[in-house]
Amino acid sequence: MNPTHTDLMVLGSGPGGYAAAFYAADLGKKVIMVERDKALGGVCLNRGCIPSKALLYAAHIINAARESEHRGITFGTPTIDPSKLRTWKQSIVDKLAGGVSQLAKLRGVQVVQGRGYFEDSRTLRVETGEGQQFITYDHAIIAVGSRSAMPKDFDLGNPRIMTSREALEVEDIPESLLVIGGGYIGMELGTVYATLGSKIVLVEALDTILAGADADLVRPVLAYAKKAFKEIRLKTKVSKMATSGKQIKVQFDLDGQKIEELYDRVLVAVGRSPNSQDLGLENTKVSLDQKGFIQVNEQQQTTDPTIYAIGDITGGVMLAHKASKEARIAVEVLCGENSAFTNVTIPAVVFTDPEVAWCGLTEAEAKASGKKIQVPKFPWGASGRAITFDRTDGLTKLIVDPETERILGVGIVGLGAGELIAEGVLAIEMGATAKDLALTVHPHPTLSETLMEAAEVFYGHATHTVTRKKAG
Ligand code: NAD
């Protein structure tokens, strides 16, 4: 069969892949996007960001109803129908995946469904439902993403041991759920299942949950989780798991002691592994690092001149919006523009209750590198808007260069922090100073004012909190 030739072949249709395919098509390229799944959108849309946020929204409604008694509003105990919850969640996913297909069609991006395998640097073989198809291209972008890591010792082939993929299906609401890993997924899905009624024990190998976020931002999340979960065990590792009837027997290493417990289900959330196997990459000049991530330079170029790579498959922080940004850079570079992934501020958001969001330099990073900073903070106890929500457990802080007064980082914890952080990203990208933020009129009463007031704290004259004047 004659191969089909295209300007650009994109392998993978997640937020990296489809962003690249669409942008290239908008710039006039002939594009073929290859995806092994029936639905477009990748893990984020189908089995990650989107379904988890739908479930977290459902959890938020339950919690908001529960916490309304003191307002004179009481509801009965919620009855939860997991099957209906699943159908609703799936309807959101289907709508969005259908939207991606529609957007591809409208742009003339050809979608080929099947598993792609590189025959050489310029040819992809696709195993489709109808047989093999060969695609040759001028350039390729690999955006095949990652999957949940499942350490060998935990992989018993027992469906009661879940990754986020299975947990998001909410087969049932287990009475007891062990969550291994206190990172993004462990904390977000732990929050969902705790609210749905499971007794959660969360174990984390490190001495903190959400490593990477500053300790003062993590504190309110930990406080909330300590109430919502049965137990959080830091510095704890699971050493062994075994099937025990309809339960899982788990052995822990806790302060040098071995303890055993039974759980109805276990969620393994200990990071993600790259999908770089069985792609035929050995037939190209693409090189992988020791962990199997594709090595790229700042222009998203691999060591094969025709092939670019973006998103989780390239390692680093595994966030959808980073993949989408890298998609734009790869497309611009292959179109001959001088783009590069340098000085790009990538915000992080953990959708716990309360949410945590940060961007740019963290306080911990500044301390570790010895960089001089000032950290004006505005506690949400002083925010009128936070008080109307009864959620004063928030904090907004800026990381400011004391010499130039430039904003180097922003950290927020609190209800809706994820929606607020973009202003911080813009401030950093624009090279804004604390003065710029302080002089920008923010609408009252909103949580966004906490960013302005944090900047005012830097100068010692925030309206709603009393601070000492900035030295000098
Ligand atoms: P993670 O890297 O965020 O957290 C994994 C945690 O597990 C770490 O804290 C680690 O110390 C701990 N751990 C590792 N091995 C352990 C063991 N044997 N016992 C106990 N603890 C152990 O990984 P994740 O939560 O699996 O999420 C994967 C990736 O998915 C994240 O890196 C993130 O980029 C992405 N993600 C993002 C979002 C979001 O943007 N809101 C949400 C979910 C996932």
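A few words now on the packing of aromatic side chains. Scanning the entire structure with this criterion turns up three aromatic pairs. Judged by centre distance (5.5 Å) and plane angle (45 degrees), the rings of Tyr18 and Phe22 are tilted. Remark: Phe22 and Tyr18 occur in helix H1 (residues 17-26); sequence separation between them is four residues, near one turn of the helix. Here Phe22 falls in the buried class, since its relative accessible area comes to 6%. For the pair Phe252 and Tyr263, a centre-to-centre distance of 6.4 Å together with 80 degrees between the ring planes defines the contact as edge-to-face. Of the two residues, Phe252 is situated in strand E13 (residues 247-254) and Tyr263 in strand E14 (residues 257-263); the sequence distance between them amounts to 11 residues. Accessibility classification places Phe252 together with Tyr263 in one group, the buried group. The ring of Phe252 has Arg233 lying over it, and the distance from NZ or CZ to the ring centre is 4.9 Å. The ring of Tyr23 has Arg328 lying over it, and the distance from NZ or CZ to the ring centre is 4.0 Å.

Turning our attention to the domain arrangement of the protein. Think of interface size as the accessible area that goes away when the parts come together; that is how it is often given. On domain assignment, one finds that the protein holds domain 1 (4-147 + 273-334), domain 2 (152-270) and domain 3 (354-459). Of note, the centres of domain 1 and domain 2, computed from C-alpha atoms alone, are 27 Å apart. Across the boundary between the two partners, domain 1 contributes 18 residues, which contact 13 residues of domain 2. On the surface where domain 1 and domain 2 come into contact, there are two salt bridges.

Attention now goes to the side chain of Asn46. Inspection of the secondary structure puts Asn46 in helix H2 (residues 42-47). Side-chain polar atoms of Asn46 contact the backbone oxygen of Leu40, separated by 3.2 Å. A distance of 3.0 Å separates a polar side-chain atom of Asn46 from the backbone oxygen of Gly42. Beyond its immediate sequence surroundings of up to four residues, Asn46 is in contact with Ala39, Leu40, Gly41, Pro51, Val93 and Ala97.

If you trace the five strands from one edge of the open sheet to the other, you get E18-E19-E22-E21-E20, paired in antiparallel fashion. Edge positions in the open sheet fall to strand E18 (348-350) and strand E20 (377-379), since each of these has one partner strand only. The average undirected angle you get between the axes of adjacent strands in this sheet is 5 degrees. Sheet topology places strand E21 (residues 395-400) next to strand E22 (residues 407-414); six bridges connect them, and they run antiparallel. By the bridge assignment, Leu395 is partnered in E22 with Val413. Together, strand E19 (355-360), E20, E21 and E22 form the strand contacts of helix H7 (residues 215-228), whose direction differs from that of E22 by roughly 10 degrees. Contacting E20, E21 and E22, helix H13 (residues 449-459) runs over the sheet at an angle of about 50 degrees to E21.

Time to look at the sheet that holds strand E12 (residues 237-244). Spatially, E12-E13-E14 is the arrangement adopted by the three strands of the open sheet, whose pairing is antiparallel. Each end of this open sheet is capped by a strand with a single partner; those strands are E12 and E14. Neighbour-to-neighbour, the strand axes of the sheet open up by a mean angle of 20 degrees, direction not taken into account.

Another aspect to go through is the packing of helix H3 (residues 49-66) against helix H6 (residues 184-196). Where H3 contacts H6, the two axes come as close as 9 Å, and the packing angle between them is 45 degrees. Between H3 and H6, the angle falls in the class oblique. Seen from above, H3 lies across H6 with left-handed handedness. In this structure, H3 contributes Ser52, Lys53, Leu55, Leu56, Ala59, Ile62, Asn63 and Arg66 to the contact, and H6 contributes Glu188, Thr191, Val192, Thr195 and Leu196. For the contact of H3 with H6, the residue count by class is six nonpolar, four polar and three charged.

What counts, and where the lines are drawn
- Residues numbered from 1 in each chain as written.
- Predicted model: local features only at pLDDT ≥ 70, side-chain atom pairs only at ≥ 80, totals over all residues.
- Heavy atoms only, no water.
- Phe/Tyr/Trp six-rings, centres within 6.5 Å; stacked < 30°, edge-to-face > 60°.
- Helix = DSSP H or I, 4+ residues; strand = E, 2+ residues; numbered from the N terminus.
- Buried < 20%, exposed > 50% of the residue type's maximum accessible area, 1.4 Å probe, protein only.
- Lys NZ or Arg CZ within 6 Å of the ring centre and 35° of its normal.
- Domains from an automatic or database assignment.
- Contact = heavy atoms within 4.5 Å.
- Salt bridge = Lys/Arg side-chain N within 4 Å of Asp/Glu carboxyl O.
- Polar contact = N/O pair within 3.5 Å; in protein donor to acceptor, adjacent residues only side chain to side chain.
- Pairing = 2+ DSSP bridges.
- Axes fitted to C-alpha atoms, helices over the stretch in contact; angles between N-to-C directions.
- Parallel < 35°, antiparallel > 145°, perpendicular 65-115°, else oblique.
- Left-handed = near helix turned anticlockwise from the far one by under 90°.
- Nonpolar A, V, L, I, M, F, W, Y, C, P; charged D, E, K, R; others polar.

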